Amino acid sequence: MKVFVTGGTGAIGRHVIPALVSEGHTVSALVRTSEKAAGLTEQGATPVSVSIFDTSALAAAVAGHDAIANLATAIPPVTRFMRAKAWHDNDRIRTEGSAAVVDAAIAAGVGRFVQESVSMLYQDRGSAWIDEDVPVDEYPLARGNLAAEANANRFSASGGTGTVLRFGWFYGPGATHSEQMLAMARRHIGSILGPPESYVSSIHMADAATAVVAALGAPAGTFNVVDDEPLTKGDYANAMAAAAGKPMWVRGPGRAAMLFGDRLTSLTRSLRVSNARLRETTGWVPRYPSAREGWMATARIQDRAPAPAV
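Residues numbered from 1 in each chain as written. Predicted model: local features only at pLDDT ≥ 70, side-chain atom pairs only at ≥ 80, totals over all residues. Heavy atoms only, no water.

### Quick look at unusual backbone geometry
With glycine set apart, most residues show a phi of negative sign, and most peptide bonds adopt trans. Not every positive phi belongs to a glycine, and histidine 188 is a case in point at roughly 70°. Structurally, histidine 188 is set in the loop between helix 6 (176-185) and strand 9 (189-193). Overall, histidine 188 belongs to the buried group, its relative accessible area being 14%. (Helix = DSSP H or I, 4+ residues; strand = E, 2+ residues; numbered from the N terminus. Buried < 20%, exposed > 50% of the residue type's maximum accessible area, 1.4 Å probe, protein only.)

### Topic: the packing of aromatic side chains
All told, the structure shown has five aromatic pairs when counted by the stated rule. Geometrically, the ring pair formed by phenylalanine 167 and phenylalanine 170 is tilted, given 5.2 Å between the ring centres and 45° between the ring planes. Through a chain of ring-to-ring contacts, the aromatic side chains of Trp169, Tyr171, Tyr236 and Trp295 assemble into a single cluster. For the cation-ring pair, arginine 92 lies above phenylalanine 53, with the distance from its terminal atom to the ring centre recorded as 3.7 Å. (Phe/Tyr/Trp six-rings, centres within 6.5 Å; stacked < 30°, edge-to-face > 60°. Lys NZ or Arg CZ within 6 Å of the ring centre and 35° of its normal.)

### Quick look at the pairing of strand 12 (residues 221-225)
The element strand 12 is extensively covered by neighbouring structure, given that four of its five residues are classed as buried. Pairing of strand 7 (residues 161-167) with strand 12 involves five bridges; the strand directions are parallel. Bridging from a neighbouring strand, threonine 163 pairs with glycine 221 of strand 12. (Pairing = 2+ DSSP bridges.)

### Let's talk about the sheet that holds strand 3 (residues 46-49)
Pairing is parallel in the open sheet, where seven strands are placed in the order 3-2-1-4-5-7-12. If you trace the sheet from one side to the other, it starts and ends with strand 3 and strand 12, each paired once. Strand-to-strand twist in this sheet, taken as the mean axis angle between neighbours without regard to direction, amounts to 25°. Where strand 2 (residues 26-31) lies against strand 3, four bridges are found, and the strand directions are parallel. Note that in strand 3 the partner of leucine 30 across the bridge is valine 48. Contacting strand 2 and strand 3, helix 2 (residues 34-43) runs over the sheet at an angle of about 170° to strand 2. (Axes fitted to C-alpha atoms, helices over the stretch in contact; angles between N-to-C directions. Contact = heavy atoms within 4.5 Å.)

### Thoughts on the pattern of salt bridges
The full count for this structure, using the stated rule, is nine salt bridges. Residue glutamate 96 pairs with arginine 92 through a salt bridge whose shortest N-O separation is 3.0 Å. Placement of both glutamate 96 and arginine 92 in helix 4 (residues 88-108) is noted, with a separation of four residues, approximately one turn of the helix. Judged by relative accessible area, which is 33%, arginine 92 ranks as partly exposed. One salt bridge in this structure joins arginine 277 and glutamate 132, with 3.5 Å as the shortest N-O distance. On the criterion of sequence distance, the pair formed by arginine 277 in helix 10 (residues 276-282) and glutamate 132 in the loop between strand 6 (129-130) and helix 5 (143-157) is long-range, its members being 145 residues apart. Residue glutamate 132 is classed as buried on the basis of its relative accessible area, which comes to 10%. (Salt bridge = Lys/Arg side-chain N within 4 Å of Asp/Glu carboxyl O.)

See the structure below:
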């Protein structure tokens, strides 16, 4: 297929581009700087300089493509995560940006559209399994993702094939927050957001990338992209500690994180999410069954990485 990618230089995009190229797809990707354009070229993609908010320019850019993968985000760093204003750019990309990309795709006659979303939209279900039929929760930080999903569904309603991928917590190389968490674990500090017996559904960046590739053959609809085995948050912290090779001396903030209300609700709730629909529909299988294996692989890669220049 000829695939156009937005967010191709972002955390997941940097894994998706080579995954698409390795499967024989011809890839073009939106880019904003010459430095990032060079990186895309090295990965085998054709960089395209265009604004994600410019429908006319986008329509011209995506003309002739078979599919679009909309992976554009602007997630704030962990240090600014709880500030409402820090989410402005991300919300605009998810709402106005996704609308513009869908409008461009329809205008250009693109047949497939894959939209990135998150599994943290689901309501807290304790230890119960969650599939795609479980209701979502319209809390403030969810509005951007819900708008993006609505735009993908609008694409399907227009006659195309719109596929929504609800990813779990990203971790692995390229995910800045996970690199920070692993660095903390190496200092004996574990991060547990919410009750330790509650569940977290995560996904390694490499597995998220292969799921995007698999989605190019999926029917219209919504699919969860998570590990085979969601862990409790206590076990998740233990997996990080094992990967870091350091015992945890500090665990937190635990249940206290729930005091921050909807600012952290996406991270404090218990979500035991199933990936069965995507596996059964496309044959996709994650390389890392759980965060135990994924964090170990991430630590090995980080250990092999060259030290930053001083």
